[in-house]
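Residue strings, one per chain:
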Amino acid sequence: MSLRHRIFLLLLAVGLASFIIAGAVSLAGMYAIRENIDKTGALLADNTASFTENFAEMQVKRRLSADAAATAKLIRHEMKTTMDDARYIAELMSKMLKNPELYHPRRLPDPHTDVIPSGKAYVNFSRELVRQYGAGAYASEIALVSNIADDLELMPEWYTAAFAGSVHGYLIAMDVTPDKSAKQFSPAFLESYDPRKMGWYKLAADGNKPAFTGIYTDTNGARCLTCVAPYYDAAGLAGVAGVDCNPETLFRL
């Protein structure tokens, strides 16, 4: 083989080797680029998912926060309305006691002797207080403030009771029974009930302003929230008026 042929073959081999090496380098570069693209895509996908999740969570939190604020605003409104109603009864009681000449005496049913329909006002003076003060005690005052009956009976239907408890121990009230049947009174209530010993009475009398009790269980076994307000005569504190409502009903409103 001539020298020229040998040189040609050598150059051909070198060129072929260079081509193979360049191809290998190019292929490795392509695989590296593809791997980087895959990693970048996965990272972008993770970041997108994380952003979407965080955005959705932020939107849910904002929505829940707005709903909670709206609910709180409605409940504050309803509680203010309830307090206004308790204050209204108290103001009427004060007006009657301070201006007796404007009213005619009135007789209300007595649970000791009468059947009391649901939603109808009555006056209770326990046997224990009758023994203590005598039969007919405070009769003229009771007849005067019994004029509150119509206003008690016109209280909104979501109240389970509306009442006025006197500093003398008598109670004028309207109760709404769960099934709208006649009100049933326990022997203990008829024998010794004294509004002055009740927590709701002391709350308004001691605080000298409208107030809400905590939630408690009433005589019908239902959860109850009471709003009370003091009322006055010419001499000072004359009693405490208020309304009872079911807290679940208040929340639904």
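Residues numbered from 1 in each chain as written. Predicted model: local features only at pLDDT ≥ 70, side-chain atom pairs only at ≥ 80, totals over all residues. Heavy atoms only, no water.

**What to know about the pattern of salt bridges**
Basically, it comes down to this: Only one rule defines a salt bridge in this text: a Lys or Arg side-chain nitrogen within 4 Å of an Asp or Glu carboxyl oxygen. Helix numbering and strand numbering both begin at the N terminus, where a helix is a DSSP run of H or I of at least 4 residues and a strand a DSSP run of E of at least 2. Burial classification: accessible surface area is computed with a 1.4 Å probe over protein chains only, and a residue below 20% of its type maximum counts as buried, one above 50% as exposed, and the rest as partly exposed.
For the structure shown, the criterion picks out 8 salt bridges. With a closest N to O distance of 3.0 Å, Asp84 and Arg87 form a salt bridge. Of the two residues, Asp84 and Arg87 both sit in helix 1 (residues 3-98), 3 residues apart, roughly one turn of that helix. Here Arg196 and Asp194 are joined by a salt bridge, their closest N and O atoms 2.9 Å apart. On the basis of relative accessibility, which here comes to 7%, the residue Asp194 falls in the buried class.

**Quick look at the packing of aromatic side chains**
Inclusion rule: Think of it this way: a Phe, Tyr or Trp ring, Trp meaning its six-membered ring, pairs with another when their centres are within 6.5 Å, and the plane angle makes it stacked under 30 degrees, edge-to-face over 60, tilted otherwise.
On inspection of all chains with the given rule, the structure shows 8 aromatic pairs. For the pair Phe125 and Tyr133, a centre-to-centre distance of 6.3 Å together with 15° between the ring planes defines the contact as stacked. Looking at Phe125, the relative accessible area reads 13%, which means it is buried. Three or more aromatic residues joined by ring pairs form one cluster here, namely Tyr122, Phe185, Phe189 and Tyr193.

**A word on the environment of Pro156**
Mapped onto the elements of the fold, Pro156 is located in the loop between helix 4 (149-153) and strand 2 (159-166). Note on Pro156: relative accessible area 24%, which makes it partly exposed. Along the chain, Pro156 and Thr82 lie 74 residues apart, while their C-alpha atoms are 9.7 Å from each other.

**A look at helix 6 (residues 199-207)**
This is how it is decided: Relevant arc is that of directions from the helix axis to the C-beta atoms, nothing else. The criterion used for residue contact is that any of the two residues' heavy atoms lie within 4.5 Å.
Buried within helix 6 are the following residues: Trp200, Tyr201, Ala204 and Ala205. Looking straight down helix 6, one finds that the buried residues subtend no more than 120° of arc, so they occupy a single side. Exposed residues pointing more than 90 degrees away from the buried face of helix 6 are listed as Gly199 and Asp206. In this structure, the buried side of helix 6 is in contact with strand 2, strand 6 (223-233) and strand 7 (236-245). Asn208 occupies a position one or two residues after helix 6 and carries a positive phi of about 60°.

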